[in-house]
Amino acid sequence: MTASSRFRSPGVRALILIAPLLVFLGLFFVWPLVTVISQAVSDPAVSRVLPQTAAAIDDWDGEGVPAPEIQAAFRADIVANTDEQAMGDVTRRLNSSKSGFRSLMGKTVSAVRETPDIDLAEVDKRWADPVFWKAIQDNASPYTDAFLLASLDMERDSSGSVAAMKEGTSANFTILMRTLWTSALVTLCCLVIGLPYAMIAASVSGWKRAVLLGAVLLPLWTSLLVRTAAWMIILQDNGIINQSLMGIGVISEPLVLIYNRFGVVLAMTHVLLPFMVLPIYSVLITVPGNLMSAAASLGAHPVRAFLRVLLPLSLRGVISGALLVFMASIGYYITPALLGGAADQMISSVIADYSIKSANWSMAAAIGLILLVLTLALYAVYNRLSRDPVQAR
Amino acid sequence: MSENFIRFQKVTKDYGTVRVVEDLDLDIARGEFVSLLGPSGSGKTTLLMMLAGFESVSGGAIVLDGQKINDLPTHKRDMGVVFQNYALFPHMTVAKNVAFPLEMRGTAKAEVASRVQKALDMVQLGHLSDRLPGQLSGGQQQRVALARALVFEPRVVLMDEPLGALDKQLREQMQLDIRDLHHRLGLTIIFVTHDQDEALTMSDRIAVFNHGQIQQCASPREVYDHPSNRFVAEFIGETNLLEGTVSAVSGETLSLTLPGGTVFQSHGLAGFRPGDKGLLSLRPERIDIYATAPEGVNCLTGEVTDTVYQGDHLRIVIETAAGRIIARINRKAAEWANGAKVTLGFRAQDGWVIAP
Ligand SMILES: Nc1ncnc2c1ncn2[C@@H]1O[C@H](COP(=O)(O)OP(=O)(O)O)[C@@H](O)[C@H]1O
Ligand SMILES: [Mg+2]
């Protein structure tokens, strides 16, 4: 088959046409995602420095002292290693699994370097205790769930089962819950404002509709930073709101409107409102205008007509809007960072801290992965709810 | 049967500065089938919307069963409305749609089910009760809308061009169905249409609309045979209009002198006096064509200029001294060639004189 005849087949031609897209997706979406995921679950510290040990100890049954081959592999790894810092990492890691490793490893490394085939139990009798070998085995795998567990404030205890971290050691889970709660609050506020707004926008026509939609869309065309900064100016102690309230004498002290949860929710609601209004609006404009008239003529009080007709028909838009807003909310960083207090920071700021301040890429990736999983789960819910619009009642 | 079940008294509707219904009076009896017929934009829908309560009344009063209902909210009016676009609730099944008005009235569950079934059977859709409206054809949707508007036995049924979106065959079937329901259930129906055949077929009375005013409100026969003005005569059916001067009035027969000097005897509106200008409306099918003029009928000679074969009749265009006249002849009569000299005639009771 010649090349030209191969290209003539529609399947191949289509593939060539979308190839740039696939390459782009692979390069800028799939690959970073895979990197993040693998970063979040990989822990090469021990397996890189002790590769032979890691391979040999993998199928050790944990009973008694490991076979001489395993011990020999361990010694060989120690002799082969030239990176003192990496060995330091290994020691620290093992020590956090089983205390005592710090002194044990120091002793063992210098002894083995002198006499490569020395009997380990002679160096230190602790090597006759399986617990220490068990710690090596636990840490030997290049993969770990430690980061994922840590991002939920959990760890494996000495027996290897999952347990909550000691209170006060980590706040990741608290911040994650706070993120979900803040997002839920923002979603609710967007719904409370957005649903009636979309209904009004869909029921008027001409310039009124244009103005209403323009008012929602305008924020979308403005930089997020600008909008957040604008809220800072409006909400601060000597901002417009406090000044006018004090001016008319309602309050004597400025209200604290910023650097707290209120400011965060307010600004995020403002920023995310379009994502609630637009889906609801787009569903509502497809609803024939006289359904509400029909309901009234059939004896439905306006409230009942709304509950039985307009609300169920707008539900699909409400679900899309709520999920869009919620998904966007849980990843918010700038707005809580600028308008919130220390107790209002969301999970993204933790990711930023890990990646920028402490360069702990594994933790940053692990929390990012948790966020990704959350979003995917919500997306699955969304897909399920929006699959059959007609049955959405 | 109580007269004046529904009364429109000097009803006016303004949209901004535009007056779309003006000082309109109309009385409708219980059990009557009244069609509102008129060209598009003449205010028919507006009147119906005011009656249903979807539009406010700018002036005058609407009285239902002795009660002024201008300010009564729609959901308390107890009127079944059938919309041109059906306005079925897309998220409810056919049965749910039909049950809706009953549920709004707090009807007991068991009774709802049986009445829904009965209403759907009435429109021959009992077997489709679990479908969604989107899964039905236009005609089926229209029948669901009809069942929904009738199931709660409303005081009045309002229909706004309900058959406009259906094809001809279905439309004629539905016309007969609706008329049949009207007779069986004794419904009071107000039916908006711009289709004169539909109005003639279905109605007890036709209210002919133009520019927000009723031009004539009478039985189909009356509206067709005895139009009250030029608009009605021209809007309903086809007619020949000949202008002349009334020269004598004796009883219900008028003498009308045409510009050429021909004098016709014809029936006409009351109130003409000798010397008034008059307009003779002559329906094409009321004209006969003779080889020689018989006694006692109005005669006019002319020349055939066009003949159109239309299946059940011939349409013949005749050029006369009084102008061009169109006649519609049973095709069993001789076929008239172009250029033939003919005498056409009509009886006094077949003509109708109106004001020009
Ligand atoms: N909401 C409205 N605002 C302004 N003018 C209207 C409105 N509804 C109808 N009209 C005008 O009122 C007139 C009568 O309309 P309508 O009652 O719908 O006529 P019909 O049903 O006889 O075709 C039309 O000229 C129409 O343009
Ligand atoms: Mg209309």
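Residues numbered from 1 in each chain as written. Chains lettered and ligands numbered in written order. Predicted model: local features only at pLDDT ≥ 70, side-chain atom pairs only at ≥ 80, totals over all residues. Heavy atoms only, no water.

### So, the overall build of chain A
So, step 1. Within chain A one finds 20 helices and 2 strands.
So, step 2. By principal-axis analysis of the C-alpha atoms, chain A measures approximately 95 × 80 × 40 Å.
So, step 3. Sorting the 393 residues of chain A into buried and exposed places 39% on the buried side.
So, step 4. For chain A, long-range pairs separated by at least 24 residues make up 68% of all intrachain contacts whose partners lie at least 6 apart in sequence.
So, step 5. Within the structure as shown, chain A displays about 21,000 Å² of accessible surface, and the carbon and sulfur contribution to it stands at 66%.
So, step 6. Seen as two clouds, the 28 positive and the 27 negative side-chain charges of chain A have centres 19 Å apart. (Helix = DSSP H or I, 4+ residues; strand = E, 2+ residues; numbered from the N terminus. Buried < 20%, exposed > 50% of the residue type's maximum accessible area, 1.4 Å probe, protein only. Contact = heavy atoms within 4.5 Å. Areas by Shrake-Rupley, 256 points an atom, 1.4 Å probe, with all protein chains shown as cover. Lys, Arg positive; Asp, Glu negative; His and termini not counted. Charge placed at Lys NZ, Arg CZ, Asp CG, Glu CD.)

### Section: the sheet that holds strand β9 (residues 205–210) of chain B
Note: strands within a sheet are paired through backbone hydrogen bonds, in either parallel or antiparallel orientation.
Residue and element names in this part refer to chain B.
So, step 1. Taken in spatial order, the 6 strands of this open sheet run β6-β7-β8-β3-β9-β10, and their pairing is mixed. Lying at the two open borders of the sheet, with one neighbouring strand each, are β6 (79–82) and β10 (213–218). The mean angle between the axes of side-by-side strands here comes to 15°, regardless of whether they run parallel or antiparallel.
So, step 2. Bridging between β9 and β10 involves 5 bridges; their strand directions are antiparallel. Along β10, the bridge assignment pairs A207 with C217.
So, step 3. Contacts from helix α1 (residues 44–52) reach β3 (33–37), β6, β7 (156–160), β8 (189–193) and β9, with the element oriented near 150° to β7. (Pairing = 2+ DSSP bridges. Axes fitted to C-alpha atoms, helices over the stretch in contact; angles between N-to-C directions.)

### Looking at the pattern of salt bridges
All names here are of chain B.
So, step 1. In total, this model carries 28 salt bridges over all chains according to the counting rule given.
So, step 2. When the shortest N-O distance is used, the salt bridge between K13 and E55 registers 3.6 Å. A residue pair is termed long-range when its members are at least 10 positions apart, and K13 in strand β1 (residues 6–15) and E55 in the loop between α1 and β4 (59–64) qualify at 42 residues.
So, step 3. Between R105 and D78 there is a salt bridge whose closest N-O contact spans 3.2 Å. Of this pair, R105 sits in the loop between α2 (94–104) and α3 (109–122) while D78 sits in the loop between β5 (67–68) and β6, placing them 27 residues apart in sequence.
So, step 4. Assessed through its relative accessible area of 21%, D78 is described here as partly exposed. (Salt bridge = Lys/Arg side-chain N within 4 Å of Asp/Glu carboxyl O.)

### Observations concerning the domain arrangement of chain B
Residues and elements named next belong to chain B.
So, step 1. What the domain assignment lists for chain B is domain 1 (6–232) and domain 2 (238–354).
So, step 2. Contact residues are listed per partner, giving 8 residues for domain 1 and 8 residues for domain 2.
So, step 3. Between domain 1 and domain 2 lies a buried interface of about 790 Å² when both sides are counted; carbon and sulfur atoms form 52% of it.
So, step 4. Considering only the surface of domain 1 that becomes buried against domain 2, Y224, P227 and R230 emerge as the three largest contributors, covering 61% of it.
So, step 5. Counting every contact that joins domain 1 to domain 2 gives 1 salt bridge.
So, step 6. Connecting domain 1 to domain 2 are 4 residue pairs in polar contact (both at pLDDT 80 or more).
So, step 7. In terms of residue count, helix α7 (residues 220–225) provides more of the side of domain 1 that touches domain 2 than any other element does, 3 residues in total.
So, step 8. Here the residues of the side of domain 1 that touches domain 2 are counted per class, giving 3 nonpolar, 3 polar and 2 charged. (Domains from an automatic or database assignment. Buried area = accessible area lost by both parts, 1.4 Å probe. Polar contact = N/O pair within 3.5 Å; in protein donor to acceptor, adjacent residues only side chain to side chain. Nonpolar A, V, L, I, M, F, W, Y, C, P; charged D, E, K, R; others polar.)

### Focus on the pairing of strand β11 (residues 240–250) of chain B
Residues and elements named next belong to chain B.
So, step 1. In this sheet, strand β14 (residues 277–282) lies alongside β11 in antiparallel orientation, the contact comprising 6 bridges. Note on β14: the bridge partner recorded for G244 is G278.
So, step 2. Pairing analysis gives 5 bridges linking β11 to strand β12 (residues 253–257), with the strands arranged antiparallel. When the sheet's bridge partners are listed, S250 is paired in β12 with T253.
So, step 3. Taking the residues between adjacent antiparallel strands as the criterion, β11 and β12 are bridged by 2 residues, where G251 takes a positive phi near 65°.

### Some details on the nonpolar core
So, step 1. Among the nonpolar cores identified, the biggest contains 78 residues, and F8 and L36 of chain B are the most heavily contacted of them.
So, step 2. Of the residues forming this core, the biggest block, 7 residues, is contributed by α2 of chain B.
So, step 3. Counting residues in each nonpolar core, the second largest holds 28 residues, with L94, F101, V112 and I136 of chain A among its members. (Core = buried A, V, L, I, M, F, W, Y, C linked by side-chain atoms within 4.5 Å.)

### A look at the site of ligand 1
Residue and element names in this part refer to chain B.
So, step 1. Close contacts around ligand 1 come from Y15, V20, P39, S40, G41, S42, G43, K44, T45 and T46, and that covers them all.
So, step 2. One nitrogen or oxygen atom from the main chain of G43 is found 3.0 Å from an oxygen atom belonging to ligand 1.
So, step 3. The separation between an oxygen atom of ligand 1 and a polar side-chain atom of T46 is 2.4 Å.
So, step 4. Considered on its own, ligand 1 offers 550 Å² of accessible surface; in the complex 57% of this is hidden by protein.
So, step 5. It is α1 that provides the largest number of residues to the shell around ligand 1, a total of 3 residues.
So, step 6. The residue makeup of the shell around ligand 1, split by class, is 3 nonpolar, 6 polar and 1 charged. (Near = heavy atom within 4 Å.)

### Structural notes on the side chain of S203 of chain B
Residues and elements named next belong to chain B.
So, step 1. On the secondary structure map, S203 appears in the loop between α6 (196–202) and β9.
So, step 2. Of note is the side chain of S203, whose polar atom sits 2.5 Å from the side chain of S35.
So, step 3. Reaching out from S203, the side chain makes a polar contact with the backbone oxygen of A199 at a distance of 2.5 Å.
So, step 4. When near neighbours in sequence (up to four residues on either side) are disregarded, S203 contacts F33, S35 and P220.

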